[in-house]
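Here are the chains, one letter per residue:
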Amino acid sequence: MCEVGGIGLPGDKIVDKETDGRIVLGPGLRKETEHVLMTKPGKLCFKDPNIYWVDSHHKRYIPVRGENVLGVVTNKSGDTFKVDIGGSEQASLSYLAFEGATKRNRPDVKIGDQVFCKLLVASKHTEPEVVCIDSSGKSNGLGVIRDGGMTITTPCNHIRKILSPDCVLLKTLGNSLPYEIAIGMNGKIWIKGRTTKETIALTNAIACAEYMNNEQISLMCRKLVNSLSGF
Amino acid sequence: MRDIPFSNCERDFIIQAIEQRSRLDGRGVYDYRKMQLTFGEDRGCCQMELGNSIVMTQVSCEVTPPKQTRPSEGILFVNVELSPMASPTFEPGGRMSDFGVELNRLLERCLKESRCVDTESLCIMAGLKVWTIRVDCHVLNYDGNLVDCCSASAIAALAHFRRPDVSVSGEEVTIHTLDERDPIPLSIHHMPLCVTFAFFSQGKYLLVDPSLKEEKVMDGKMVIGMNKHREICTLQMSGNMLIMKDQVLRCSNIAVVKVTEITELIQKSLQADSLARSKGQPFGFPAAIETRKVTANEKKSEVIDVVGIEEKAEQIVQCAEESDEERRRRRKKRRRRRLE
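Residues numbered from 1 in each chain as written. Chains lettered and ligands numbered in written order. Predicted model: local features only at pLDDT ≥ 70, side-chain atom pairs only at ≥ 80, totals over all residues. Heavy atoms only, no water.

*Asks:* Which parts of the structure should I look at to understand the overall build of chain A?
*Replies:* Looking only at helices and strands, chain A has four helices and 15 strands in total. Here the C-alpha coordinates of chain A stretch approximately 55 × 55 × 30 Å along the principal axes. Burial statistics for chain A: of 231 residues in total, 41% are counted as buried. A separation threshold of at least 6 residues defines the contact pool for chain A, and within that pool the share at least 24 residues apart is 61%. For chain A, the accessible surface area stands at approximately 12800 Å², while carbon and sulfur atoms represent 52% of it. Between the mean site of the 30 positive side-chain charges and the mean site of the 25 negative ones, chain A shows a separation of 5 Å. (Helix = DSSP H or I, 4+ residues; strand = E, 2+ residues; numbered from the N terminus. Buried < 20%, exposed > 50% of the residue type's maximum accessible area, 1.4 Å probe, protein only. Contact = heavy atoms within 4.5 Å. Areas by Shrake-Rupley, 256 points an atom, 1.4 Å probe, with all protein chains shown as cover. Lys, Arg positive; Asp, Glu negative; His and termini not counted. Charge placed at Lys NZ, Arg CZ, Asp CG, Glu CD.)

*Asks:* Can you help me understand the environment of leucine 170 of chain A in this one?
*Replies:* By secondary structure assignment, the location of leucine 170 of chain A is in helix α2 (residues 169-176). Excluding residues within four positions of it along the chain, leucine 170 of chain A makes contact with Ile162, Tyr179, Ile181 and Ile183 of chain A.

*Asks:* Any chance you could explain the environment of leucine 235 of chain B here in plain terms?
*Replies:* Residue and element names in this part refer to chain B. Note on placement: leucine 235 falls in strand β14 (residues 232-239). The exposure class assigned to leucine 235 is partly exposed, which follows from its relative accessible area of 39%. C-alpha of leucine 235 to C-alpha of alanine 276: the two residues are 41 residues apart in sequence and 37 Å apart in space. The residues touching leucine 235, leaving out its near neighbours within four places in the chain, are Arg109, Met222, Val223 and Ile224.

*Asks:* What am I meant to see in the packing of aromatic side chains here?
*Replies:* Any aromatic ring pair is given by two values, namely how distant the centres are and how the planes are angled relative to each other. Taken as a whole and assessed by the stated rule, the structure comprises five aromatic pairs over all chains. Put simply, the rings of Phe90, Phe99 and Tyr142 of chain B touch in pairs and so form one group of aromatic residues. Taking NZ or CZ as reference, arginine 106 of chain A lies 4.0 Å from the ring centre of tyrosine 95 of chain A, over its face. (Phe/Tyr/Trp six-rings, centres within 6.5 Å; stacked < 30°, edge-to-face > 60°. Lys NZ or Arg CZ within 6 Å of the ring centre and 35° of its normal.)

*Asks:* How should the interface of chain B and chain A be read in this particular structure?
*Replies:* Interface size is commonly expressed as the accessible surface area that is lost when the partners come together. At the junction of the two partners, chain B supplies 19 residues and chain A supplies 21 residues. Of the roughly 1600 Å² buried where chain B meets chain A, counting both sides, 60% is carbon and sulfur surface. If you look at where chain B meets chain A, you find zero salt bridges. Of the residues assigned to the side of chain B that touches chain A, the class counts are seven nonpolar, seven polar and five charged. (Buried area = accessible area lost by both parts, 1.4 Å probe. Salt bridge = Lys/Arg side-chain N within 4 Å of Asp/Glu carboxyl O. Nonpolar A, V, L, I, M, F, W, Y, C, P; charged D, E, K, R; others polar.)

*Asks:* It is not clear to me how the domain arrangement of chain A should be interpreted in this structure. Could you clarify?
*Replies:* The assigned domain composition of chain A is domain 1 (7-55), domain 2 (68-145) and domain 3 (150-229). Computed from C-alpha coordinates alone, the two centres of domain 1 of chain A and domain 2 of chain A are separated by 34 Å. (Domains from an automatic or database assignment.)

*Asks:* Sorry, what's going on with a positive patch on the surface here?
*Replies:* Taken together, the side chains of Arg328, Arg331, Lys332, Lys333, Arg334, Arg335, Arg336, Arg337 and Arg338 of chain B present a region of like positive charge at the surface. Relative to the elements of secondary structure, lysine 333 of chain B occurs in helix α7 (residues 309-339). (Patch = residues over 30% accessible without salt bridge, like charges linked within 9 Å, V, L, I, M, F, W, Y side chains within 5 Å.)

*Asks:* Honestly, the sheet that holds strand β1 (residues 7-8) of chain A in this entry has me stumped. Any pointers?
*Replies:* The strands making up a sheet are joined through hydrogen bonds of the backbone, oriented either antiparallel or parallel. Residues and elements named next belong to chain A. Reading across from one edge, β1-β5-β6-β2 is the order of the four strands in this open sheet, with mixed pairing throughout. Whereas interior strands pair on both sides, the edge strands pair on one side only; in this sheet they are β1 and β2 (24-25). In this sheet, strand β6 (residues 51-55) lies alongside strand β5 (residues 42-47) in antiparallel orientation, the contact comprising five bridges. Counterpart to leucine 44 in the pairing with β6 is valine 54. (Pairing = 2+ DSSP bridges.)

*Asks:* Honestly, the pattern of salt bridges in this entry has me stumped. Any pointers?
*Replies:* When the charged atoms of two side chains lie near each other, side chains of opposite charge can form a pair. If you walk through the whole model with that rule in mind, you get 21 salt bridges over all chains. A salt bridge links glutamate 127 of chain A to lysine 82 of chain A, with the nearest nitrogen and oxygen atoms 3.4 Å apart. Within this pair, whereas glutamate 127 of chain A is found in the loop between β10 (114-121) and β11 (129-131), its partner lysine 82 of chain A is found in strand β8 (residues 80-84), the two being separated by 45 residues in sequence. Relative accessible area serves as the criterion here: at 30%, glutamate 127 of chain A is assigned to the partly exposed category. Where glutamate 10 of chain B meets lysine 213 of chain B, a salt bridge forms, and the shortest distance between an N and an O atom there is 3.8 Å. You can see glutamate 10 of chain B sitting in helix α1 (residues 8-19) and its partner lysine 213 of chain B sitting in helix α4 (residues 212-217), a full 203 residues away along the chain.

*Asks:* Help me out: how do you make sense of the nonpolar core in this one?
*Replies:* One recurring pattern in soluble globular proteins: nonpolar side chains tend to sit buried together. Of all hydrophobic cores here, the largest spans 65 residues; its most connected members are Leu111, Leu158, Phe197 and Ile266 of chain B. Considering each element in turn, this core owes the most residues, 10 residues, to helix α3 (residues 146-160) of chain B. Those residues in contact with leucine 111 of chain B that sit more than four places away from it in its chain are Leu76, Val78, Cys116, Ala154, Ile155, Leu158 and Pro192 of chain B. Membership of the second largest hydrophobic core comes to 47 residues, among which are Phe81, Ile189 and Leu224 of chain A together with Cys9 of chain B. (Core = buried A, V, L, I, M, F, W, Y, C linked by side-chain atoms within 4.5 Å.)

*Asks:* For this particular structure, what's the right way to read the UniProt feature "domain: K Homology" (unreviewed entry) in chain A?
*Replies:* Taken from the UniProt record, the annotation "domain: K Homology" (unreviewed entry) applies to residues 149-196 of chain A. Taken end to end, residues 149-196 of chain A is 35% helix and 27% strand, and its first and last C-alpha atoms sit 8 Å apart. (UniProt positions renumbered as here; feature names shortened; annotations may be inferred.)

Written out as C-alpha cells, the structure is:
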C-alpha cells in the first residue's frame with residue numbers, strides 16, 4: 001500500500017484520496033482489475049482534482065506529445081532531418097517546419113546543430129516527429145540554437161523540478177547573473193551567460209541543485225555570486 | 001549502441017573555455033578530479049573512483065605451467081572489461097572494440113614491461129609450476145580518462161593482493177590454505193602509474209585528466225607511465241597532431257608531480273586498510289559507504305522491547321537442548337535396530 005507523498009515500489013497498491021472514484025493515471029501507474037498498481041519505484045504524487053503519478057530519478061526520455069525538447073541534428077536525408085532527442089528512437093524534423101521556410105527557401109541547418117523543438121507526434125509505435133513552429137507558423141522561441149552557450153544533460157525529474165513554479169532556482173540565479181536558457185523536457189538544458197566563466201558557473205549551479213530544497217538553492221546561489229565577483 | 005551525439009555548440013564552447021584557461025567542472029588546467037580508493041573485503045579487490053569514472057579491479061592467482069621461453073618466471077595477465085553498464089557505447093559480448101584493445105595493451109605494457117611485479121618470485125618449480133597472477137579491471141562507469149583510473153586501481157589491487165603460501169618438498173608441492181599459513185604479498189618493486197594529457201588546437205593547450213566531453217573534443221593525447229622514482233615506464237601518443245619537444249618535457253615534469261600524489265594516496269589507503277584489518281575495525285566496501293548521502297539508504301534505529309527477553313532466550317535454549325537429546329536418543333534407537 002502506498003499513500004500520496006510516500007515512497008512505493010512496483011506492485012504496491014495506491015490508496016485513493018476522497019475523490020469521486022474517477023481518477024487520471026500518470027506515468028508509473030497501471031490499472032489491474034479493481035486496484036491501481038505502481039509500475040516503477042518512486043514517490044507517489046497527487047494533484048487536484050484527481051491526477052496521480054509517480055515521480056522518480058529518471059534518465060531515459062520517453063517522448064510525450066506537446067513537450068519542448070532540445071535535440072541534436074544527426075542526419076540529413078531528402079526533406080527531413082533526423083534529430084536525436086534522447087529517446088529510444090530518433091525524431092524526424094521536416095525542413096518545412098521552420099519559420100519562414102518554403103520549398104525554395106530552405107532553412108540553414110547543419111549536422112551537429114542543436115534545435116529547440118516541440119514534439120508533434122509521440123506514440124508508442126511510430127517514430128516521433130518534431131517541429132520548430134507553432135500552429136500559427138511562428139517560431140515562438142523554437143529553432144536552431146547557434147550563438148554559443150553550453151548544453152548540459154540532467155535527469156528528467158530534475159527538469160520537472162526546475163520548471164515547477166515552486167522552484168526558485170532560475171529566478172534566484174537570474175537576479176544577479178543574466179542568462180539565456182532553453183530547457184528541454186528530455187533532460188537537456190542549453191544555457192548562455194555573459195561570459196564563458198559565468199556560463200560554466202551557471203551549468204554547475206543547475207546540475208548540483210538536484211537534491212537541494214529552496215533554502216539550500218538560494219544559499220548556493222548567493223555563494224556562487226560571491227565567488228564569481230571575487231569575494 | 002550508437003554514440004550519444006555531440007553538438008557543435010558544445011564543441012565550440014569547450015574549446016573556447018580551454019582557451020580562457022577554464023574547465024567545465026571548475027578545475028585548473030593541471031588538476032585531477034577527486035580520487036577515491038576503496039578496498040574490498042577480499043584481498044586484491046579495489047575500486048578506484050576518478051570523478052565519475054569508476055573502475056573495479058580484482059586480482060586472482062592460480063598454478064599453471066610456465067611459458068616455454070621463460071621456465072622460471074611467473075605469469076602476469078592483464079584484462080580490461082568494458083561492459084555496456086559503464087557506457088551505452090560499449091558493446092556487450094567478448095569482442096573488444098579498438099578502444100578496449102588500446103586500453104588493454106597500454107595497461108599491459110605499463111605493468112608487465114616495467115617489471116614492477118617480481119615474476120621470478122612467483123616460480124614454484126622451474127619449468128613445471130608457476131603462479132599466474134590475473135588482473136581483471138572492470139569498468140563500472142565511464143566519464144573519461146580510463147587509462148589513469150585503470151592503471152592506478154590495477155597497481156593498488158596488486159599491492160593489496162596476497163597469494164597463498166606454498167612449500168615444496170622434493171617433487172611434492174603443497175598449497176597451504178589461508179588458515180594454515182598467512183598468505184604472502186606479491187613483491188612489487190615500484191608503482192607505475194599513467195598520467196594522461198589531452199592536447200587542443202594543435203598542441204597549443206594541454207589539460208591533465210580529460211573528462212569524457214574533453215576527450216571528445218581533443219586533437220590527441222599523450223599517456224606517460226611513470227613511477228615515483230621519476231622513471232618513465234611507458235609513453236604513448238595518439239591522435240593526429242604534432243607537438244614540440246619541450247612540450248613533451250613539460251608534460252613529463254607535470255607527470256612527476258601527479259604520480260607522486262597518486263602514489264601517496266595509494267600508500268595511504270593501503271595503510272588505512274591494513275590498520276583497520278589488524279585492529280578488527282570494519283573494512284571493505286560496506287565500511288566505505290557514506291550514510292549521510294541522499295543516494296544512501298539508512299534505517300533509523302528502532303526501539304526494541306527488551307522486557308522478559310532473558311526468560312524467552314532461556315526457553316529457546318532449553319527447547320533446543322531437549323530436541324538435541326531427543327535426536328541422540330533416536331539415533332541410538334536406530335543403531336540398536338540395525339544391530340538387531
